[in-house]
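Here is how the chains run, residue by residue.
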Amino acid sequence: MTKTCEVDLVTEWDQKVEKLLIDGISSKFPDHKFIGEEGSSLGNKVELTDAPTWIIDPIDGTMNFVHTLPHTCISIALVINKVTEIGVVYNPILEQLFSARRGQGAFLNGAPISVSGEKELRKALVMMEMGTSRDPEKMKVVLENANNLISQVHGIRSLGSAALNMCMVALGGADVSFEFGIHAWDVAAGDIIVREAGGVCIDPAGGSFDLMSRRALCASTSELAQELAIVLVQYYPERD
Ligand code: LIP
């Protein structure tokens, strides 16, 4: 089925996985709250309070899932007092389990991972996405950024999943990732995984990362994050 437009997809599996996770977690923690992609698209208000809240994307990279491109994942974060405590991103096709707990490092299938440490944009491999919005202003900004960056960096890549893009930065396979128009459930787990791997997450204009702003930039170093923020054409979607 489609959601906001013809290329914003949801499958029965998005809904089933979200229900499975919410039912399972609720049975152990009945007072905890949830922000889930599919519940939110049914009109449930997205509200992040100080209560323990699980932020869930049951399938990040739904388009890939529909096409059987194997870059698709489940993204789960636990946020308490608006501080992210746990992040899990699991690609069940490639059996890649990225995880992080605040203050305890980041891991891929149980082995510690760390960012590349790259500081210079001209040497960076950049993750960015076209996104599913067909709003002409948004598409213009995406293409302007791709056009401006291509001659300034080592390369540009897109996995089709914001969460997996961020995990590639955490792994050191890519150096920086940014996207406008994503939602809290796309980036909540990736944020803590990148930071626990030694990287940074900021607003793409250079300020502090704001989970509900629908804007994210993560990088292996703050030098690289700030260098990219200066050259990006900005886009400000409506907040979550
Ligand atoms: C997707 C994101 C991706 C973005 C798509 C979409 P979904 O999430 O991970 O980065 O470009 O527009 O939002 O909808 O597959 O969970």
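Note that the structure is a prediction, hence the values are computed from the model and not measured.

## Details of the site of the ligand
Okay, step 1: Lining the immediate environment of the ligand, one finds 14 residues, of which Asp57, Asp60, Gly61, Thr62 and Glu179 sit closest.
Okay, step 2: In isolation the ligand has 370 Å² of accessible area, and contact with the protein removes 91% of it.
Okay, step 3: The residue makeup of the shell around the ligand, split by class, is two nonpolar, six polar and six charged.
Okay, step 4: Each of domain 1 (2-112) and domain 2 (121-231) accounts for three or more of the residues forming the shell around the ligand.

## Notes on the UniProt feature "binding site: Mg(2+)" (unreviewed entry) in the protein chain
Okay, step 1: In this structure's numbering, the residues bearing the UniProt feature "binding site: Mg(2+)" (unreviewed entry) are Glu37, Asp57, Ile59, Asp60 and Asp186. Across 150 residues, the annotated set stays spatially compact, with a maximum C-alpha separation of 9.3 Å.
Okay, step 2: As for its position among the elements, Asp57 is in strand β2 (residues 53-60).
Okay, step 3: Exposure remark for Asp57: the relative accessible area of 0% places this residue in the buried category.
Okay, step 4: Look past the residues within four positions of Asp57 in its chain and what remains in contact with it is Glu37, Cys73, Ile74, Ser75, Trp185 and Asp186.
Okay, step 5: There is a polar contact of 3.3 Å between the side chain of Asp57 and the backbone nitrogen of Ile59.
Okay, step 6: If we skip the residues at most four places from it in the chain, Ile59 touches Thr11, Trp13, Asp14, Glu37, Phe65, Thr72 and Cys73.

## Overview of the sheet that holds strand β8 (residues 125-128)
Okay, step 1: Read from one edge to the other, the open sheet built from five strands follows the order β9-β8-β10-β12-β11, with strand pairing classed as mixed. Both outer strands of the open sheet, β9 (155-157) and β11 (200-202), are each paired with one neighbouring strand and no more. If you compare each strand with its neighbour and ignore which way they point, the axes differ by 20° on average.
Okay, step 2: The pairing of β8 with strand β10 (residues 176-180) spans three bridges and is parallel. Note on β10: the bridge partner recorded for Val126 is Val176.
Okay, step 3: Each of β8, β10, β11 and β12 (215-219) is contacted by helix α5 (residues 162-171), which is oriented at about 160° to β10, the strand it contacts most.

Rules and cut-offs
- Residues numbered from 1 in each chain as written.
- Predicted model: local features only at pLDDT ≥ 70, side-chain atom pairs only at ≥ 80, totals over all residues.
- Heavy atoms only, no water.
- Near = heavy atom within 4 Å.
- Areas by Shrake-Rupley, 256 points an atom, 1.4 Å probe, with all protein chains shown as cover.
- Nonpolar A, V, L, I, M, F, W, Y, C, P; charged D, E, K, R; others polar.
- Domains from an automatic or database assignment.
- UniProt positions renumbered as here; feature names shortened; annotations may be inferred.
- Helix = DSSP H or I, 4+ residues; strand = E, 2+ residues; numbered from the N terminus.
- Buried < 20%, exposed > 50% of the residue type's maximum accessible area, 1.4 Å probe, protein only.
- Contact = heavy atoms within 4.5 Å.
- Polar contact = N/O pair within 3.5 Å; in protein donor to acceptor, adjacent residues only side chain to side chain.
- Pairing = 2+ DSSP bridges.
- Axes fitted to C-alpha atoms, helices over the stretch in contact; angles between N-to-C directions.

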